[in-house]
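Structural characterization, general
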Amino acid sequence: MPRKKLIETNEYPFHVTNRSNNKDYFYLPQPVLWQIMVAKISYLETHYGIRTHAFLLMSNHYHWILSTPKLKFSAGMTYFHREVARNANKQCNRINHFFGGRYKWCLIEEETYYWNAVKYLFRNPVKAGVCKRVEDYAYSSLKPKSRSAPWF
């Protein structure tokens, strides 16, 4: 099945997700991978104008709701995945795939869908049984600023 045609827009946010290779847990400890991803997201905000609405890192995938005022979605996602993989592989002395494939995305054109996506994103660890409350999950942009996440 062919990929769906990428829509570059600055009118609506995107919900993006990607998994680890073979759906295994990421082979880097979550605190280390979280810091790599936060650094790359911060870079994207500064250099690509990508705005993060919500971000969550699970043990084998992530969810990200973002908007692209400068219409640089494709270039930003290419940078993000390449650099996260490069940094993670370097830290673990590995050379193979980090992500299981291309990221998946949906355009969020309705406000109701937006808020449902945000709720789904933050409830992911609760549904997986990792924590009891969304506020307790450490690898989420919902966490207070003391967790050193520069974009929220």
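Each chain carries its own residue numbering, running from 1 in the written order of its sequence. pLDDT decides what is reported in this predicted model: residues at 70 or higher carry local features, side-chain atom pairs at 80 or more are listed and counted, and totals for whole chains, interfaces and linings draw on all residues regardless. Processing note: side-chain calculations cover all non-hydrogen atoms of the structure and skip hydrogens and water entirely.

1. Some remarks on the sheet that holds strand β1 (residues 14-19)
Sheet strands line up and pair through hydrogen bonds in the backbone, either parallel or antiparallel. The cut-off we apply is this: Pairing between two strands is assigned when DSSP locates at least 2 bridges connecting them. Strands are runs of DSSP state E lasting at least 2 residues, helices are runs of H or I lasting at least 4, and numbering of each runs from the N terminus. Here an angle of 0 to 180 degrees is reported between the N-to-C directions of two axes, which are lines fitted to C-alpha atoms, with helices fitted over the stretch in contact.
Strand order in this open sheet of four strands is β2-β3-β1-β4, and the pairing throughout is antiparallel. The open sheet has two edge strands with one neighbour each: β2 (51-57) and β4 (104-107). The mean inter-strand angle of the sheet, taken between neighbouring strand axes irrespective of direction, is 15°. Of the pairings in the sheet, the one linking β1 to β4 comprises four bridges and is antiparallel in character. If you follow His15 over to β4, its bridge partner there is Cys106.

2. A closer look at the packing of helix α1 (residues 30-48) against helix α2 (residues 73-92)
Basically, it comes down to this: Roughly parallel here means an angle under 35 degrees, roughly antiparallel means over 145, roughly perpendicular means 65 to 115, and every remaining angle is called oblique. Working rule for handedness: look at the near helix, and if it is turned counterclockwise from the far one by less than a right angle, call the crossing left-handed; if clockwise, right-handed. Here, residues are in contact when the closest pair of their heavy atoms is within 4.5 Å. Polar here means any residue other than Ala, Val, Leu, Ile, Met, Phe, Trp, Tyr, Cys and Pro, which are nonpolar, and Asp, Glu, Lys and Arg, which are charged; Gly is therefore polar.
In the contact formed by α1 and α2, the axes pass within 10 Å of each other and the chain directions differ by 150°. With respect to each other, α1 and α2 are oriented roughly antiparallel. Crossing handedness for the pair α1 and α2: right-handed. Note on element contacts: α2 touches α1 through Ala75, Gly76, Tyr79, Phe80, Glu83, Val84, Asn87, Ala88 and Gln91, opposite Val32, Leu33, Ile36, Met37, Lys40, Ile41, Tyr43, Leu44 and Tyr48. Among the residues forming the contact of α1 with α2, the class breakdown is 13 nonpolar, three polar and two charged.

3. Some details on the confidence of the model for the chain
As a reminder of what qualifies: Confidence scores per residue from the predictor, reported as pLDDT, run from 0 to 100.
For the chain, mean pLDDT is 90; residues scoring 70 or higher make up 93% of the total. Below a pLDDT of 50 lies the segment residues 146-152, which in the model reaches 20 contacts outside its immediate sequence neighbourhood of four places, other chains included.

4. Here we look at the side chain of His63
The condition is simple: In the analysis that follows, any N or O atom pair within 3.5 Å is treated as a polar contact, provided that within protein one partner can donate a hydrogen and the other can accept it, and provided that, for residues neighboring in sequence, both atoms belong to side chains.
Note that His63 resides in strand β3 (residues 61-67). In terms of polar contacts, His63 uses its side chain to reach the side chain of Asn124, at 3.4 Å. Excluding its chain neighbours within four sequence positions, the residues that come into contact with His63 are His15, Val16, Thr17, Ala54, Phe55, Leu56, Tyr120, Leu121 and Asn124.

5. Notes on the pairing of β1
Here is the rule we go by: Any residue under 20% of the maximum accessible area for its type is buried, any over 50% is exposed, and the rest in between are partly exposed; the area is computed with a 1.4 Å probe on protein chains only.
Burial analysis of β1 places five of its six residues in the buried class, the great majority of the element. As judged from the six bridges shared by β1 and β3, these two strands associate in the antiparallel manner. Bridge pairing in β3 places Arg19 opposite His61.

6. Side note on the environment of Lys70
Residue placement: Lys70 occurs in the loop between β3 and α2. Lys70 has contacts with Tyr48 and Gly49, leaving out every residue within four places of it along the chain.

7. Quick notes on the environment of Pro13
With respect to the secondary-structure elements, Pro13 resides in the segment before β1. Here the alpha-carbon distance between Pro13 and Pro69, two residues 56 residues apart in the chain, equals 9.4 Å. Ignoring any residue separated from it by four or fewer positions in sequence, one finds Pro13 in contact with His53, Ile65, Leu66, Ser67, Cys106, Leu107, Ile108 and Tyr114.

8. Side note on the nonpolar core
Condition: Here, nonpolar core means buried Ala, Val, Leu, Ile, Met, Phe, Trp, Tyr and Cys residues that are tied together by side-chain atoms lying within 4.5 Å of each other.
Formed by 45 residues in total, the largest nonpolar core has its most connected members in Val16, Met37, Leu57, Tyr62 and Trp64. For this core, the secondary-structure elements that each account for two or more residues are β1, α1, β2, β3, α2, β4 and α3 (111-127). Broken down by element, this core gets its largest block of residues, eight residues, from α1. Not counting the four nearest positions on each side in its chain, Val16 is found in contact with Tyr62, His63, Trp64, Leu66, Phe73, Met77, Tyr103, Lys104 and Trp105.

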